[in-house]
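Each chain, written out:
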Amino acid sequence: MTMPELASASSPASSGNLGPGFDVLGLALDLRCVVSALPAGRMTVDDGDGPVDLEPGDMLFGAVMAAAGRPMALTVENAIPRTRGLGSSSAVTAAAAAAAVRAVGREPVREEIYELIADIEGHGDNAAPAVYGGLMAVGSNGPHRLEIDPSILPIVGIPDARLATRRARQVVPKEVPVAAATRNVGRAVLLVEGLRTGDPSAFAAAAGDEFHEEARGVLSPITGAMIDAARSAGALHAAWSGAGPSALALVTAETRSAVIGALELVLGSSGVARALSIDFDGLR
């Protein structure tokens, strides 16, 4: 009799949107979620407090069943802060699906895991970097890897307070004026150019957002304060990280210390500023 196989997979954190790239741009960050999977009679998850049954309507339940076709006992070790706008949901779901596929004796196919996670979450700006790593853009024809200048370094300001993605999406307007949409398209184009070249003038022209950041500002004023502080301290670019409340700042080695200090001043004892690296591995 063949014994059930324990398998594992991991996936990185990610910062979605990057300001004007709403639901399109995402950047993988070097914090990881590791999930182990073991074929079992019922679906459970243990994130450190003992196993808990998963119901059919749960996102992990659906991802594992779609990927592997049978229940699993999942164990999660997640270094990504949850409900902070750092892609924890995409990372744990991608890692769980991939681990479950390995537990039934197959090797996960990245394209299939991406499509599964993007379909479950309804958008791919976190799913793409969680699976492929690096800087990703998603559209109607799938994910695409974009170039990013190696001098660009990410910093995240992470408040202790949480903000549920569902709540953050509720305040995003269903429609925006054509003039605002045009301005945002321009910002997004220049942001991609800044990311590719490291050109400060392109980043400066890409600052701001009229799709989601203005509307979300009332939910987390500290996020806007961090963005302003990072820019004043010399960051190339600063924006909401996903649905927040974390803020992402893109800096160079010369400005990293000053920007970290500025974020720490805003956060005080109510959060932490972390210098991270870009994760280019994605799912592994």
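Summarised in this report is the structure supplied together with it.

Parameters at a glance
The residue count restarts for each chain, going from 1 along the sequence in the order it is written. Since the coordinates come from a predicted model, pLDDT governs what is reported: local features require at least 70, and pairs of side-chain atoms require 80 or more to be given and counted, while whole-chain, interface and lining totals use all residues. Side-chain numbers here rest on the full set of heavy atoms in the structure, without hydrogens or water. Segments assigned H or I by DSSP are reported as helices when at least four residues long, segments assigned E as strands when at least two residues long, and all are numbered from the N terminus. With the radius of gyration taken over C-alpha atoms, the globule rule is written as 2.2 Å times the number of residues to the power 0.38. Working definition: with a 1.4 Å probe on protein chains only, accessible area under 20% of the residue-type maximum means buried, over 50% means exposed, and in between means partly exposed. Two residues form a contact once any of their heavy atoms are found within 4.5 Å. Every accessible area reported is derived by Shrake-Rupley at a probe size of 1.4 Å, with residue values counting cover from the shown protein chains alone. Paired strands, in this sense, are two strands between which DSSP finds at least two bridges. Helix axes are fitted only over the stretch in contact, all axes being lines through C-alpha atoms; the angle between N-to-C directions runs from 0 to 180 degrees. Under this rule, positive means Lys or Arg and negative means Asp or Glu; His and the chain ends count for nothing. Salt bridges are counted wherever a side-chain nitrogen of Lys or Arg sits within 4 Å of a carboxyl oxygen of Asp or Glu. Under the rule applied, a polar contact is a pair of N or O atoms within 3.5 Å (in protein, one hydrogen donor and one hydrogen acceptor; residues adjacent in sequence only if both atoms are side-chain atoms). Joining through side-chain atoms within 4.5 Å is the link that ties buried Ala, Val, Leu, Ile, Met, Phe, Trp, Tyr and Cys residues into a set, and such a set is a nonpolar core.

### Focus on the overall build of the protein
Working step 1: Looking only at helices and strands, the protein features 10 helices and 11 strands.
Working step 2: Its C-alpha atoms give the protein a radius of gyration of 19 Å, near enough to 19 Å, the size a compact globule of 284 residues would have.
Working step 3: Once the C-alpha set of the protein is aligned to its principal axes, its extents read approximately 65 × 40 × 35 Å.
Working step 4: Across the 284 residues in the protein, those meeting the buried criterion constitute 53%.
Working step 5: Residue pairs at least 24 apart in sequence account for 73% of intrachain contacts in the protein once pairs closer than 6 positions are excluded.
Working step 6: With an accessible surface of roughly 12,200 Å², the protein has 54% of that area assigned to carbon and sulfur atoms.

### Section: the sheet that holds strand 10 (residues 247–251)
Working step 1: Spatially, 9-10-8-11 is the arrangement adopted by the 4 strands of the open sheet, whose pairing is antiparallel. The strands lining the two open edges of the sheet, one partner per strand, are strand 9 (237–240) and strand 11 (271–275). If you compare each strand with its neighbour and ignore which way they point, the axes differ by 15 degrees on average.
Working step 2: Of the pairings in the sheet, the one linking strand 8 (residues 153–159) to strand 10 comprises 5 bridges and is antiparallel in character. Following the sheet pairing, Val156 is matched in strand 10 by Leu248.
Working step 3: Strands in contact with helix 9 (residues 221–232) are strand 8, strand 9 and strand 10; relative to strand 9, the strand with the most contacts, it is inclined by about 175 degrees.

### A closer look at the pairing of strand 8
Where a strand is regular, its side chains alternate between the two sheet faces.
Working step 1: Among the 7 residues that make up strand 8, 7 are buried, leaving the element largely enclosed by the rest of the structure.
Working step 2: What you see with strand 8 is no split at all: Leu153, Ile155, Gly157 and Pro159 on one side and Pro154, Val156 and Ile158 on the other are buried throughout.

### Regarding the side chain of Asp125
Working step 1: The residue Asp125 is located in the loop between helix 3 (110–121) and helix 4 (127–132) in this model.
Working step 2: This buried residue, Asp125, is left without a salt bridge; Arg169 holds the nearest opposite charge, at 5.8 Å.
Working step 3: A distance of 2.8 Å separates the side chain of Asp125 from the side chain of His123, its partner in a polar contact.
Working step 4: Setting aside chain neighbours within four positions, we find Asp125 in contact with Gly16, Asn17, Asp23, Val24, Leu25, Gly26 and Val138.

### Structural notes on the nonpolar core
Working step 1: Counting 63 residues, the largest nonpolar core has Leu18, Leu27, Val35, Met72, Leu74, Tyr114 and Leu195 as the members making the most contacts within it.
Working step 2: Each residue touching Leu195, except ones within four places of it in the same chain, is listed here: Leu18, Leu135, Glu147, Ile148, Asp149, Ile152, Phe203 and Leu250.
Working step 3: Counting 19 residues, the second-largest nonpolar core is a separate cluster that includes Ile227, Ala235, Ala238 and Val251.

### Section: the side chain of Arg187
Working step 1: Mapped onto the elements of the fold, Arg187 is located in helix 6 (residues 178–197).
Working step 2: Once residues lying within four places of it in the same chain are set aside, the contact partners of Arg187 are Pro20, Ala205, Ala206, Ala207, Gly208, Asp209 and Glu210.

### Some points on helix 1 (residues 59–68)
Working step 1: Among the residues of helix 1, those classed as buried are Leu60, Phe61, Ala63, Val64, Ala67 and Ala68.
Working step 2: On its buried face, helix 1 is in contact with strand 3 (44–46), strand 5 (72–78), helix 2 (88–103) and helix 3.
Working step 3: With a side-chain oxygen lying 2.8 Å from the backbone nitrogen of Leu60, the N-terminal cap of helix 1 falls on Asp58.
Working step 4: Count one or two residues on from helix 1 and you reach Gly69, which has phi positive near 80 degrees.

### A closer look at the pairing of strand 7 (residues 142–146)
Working step 1: Note that strand 6 (residues 135–139) and strand 7 share 5 bridges and pair antiparallel. By the bridge assignment for strand 7, Val138 is matched with Pro143.
Working step 2: A loop of 2 residues connects strand 6 with strand 7, the two strands running antiparallel in sequence.

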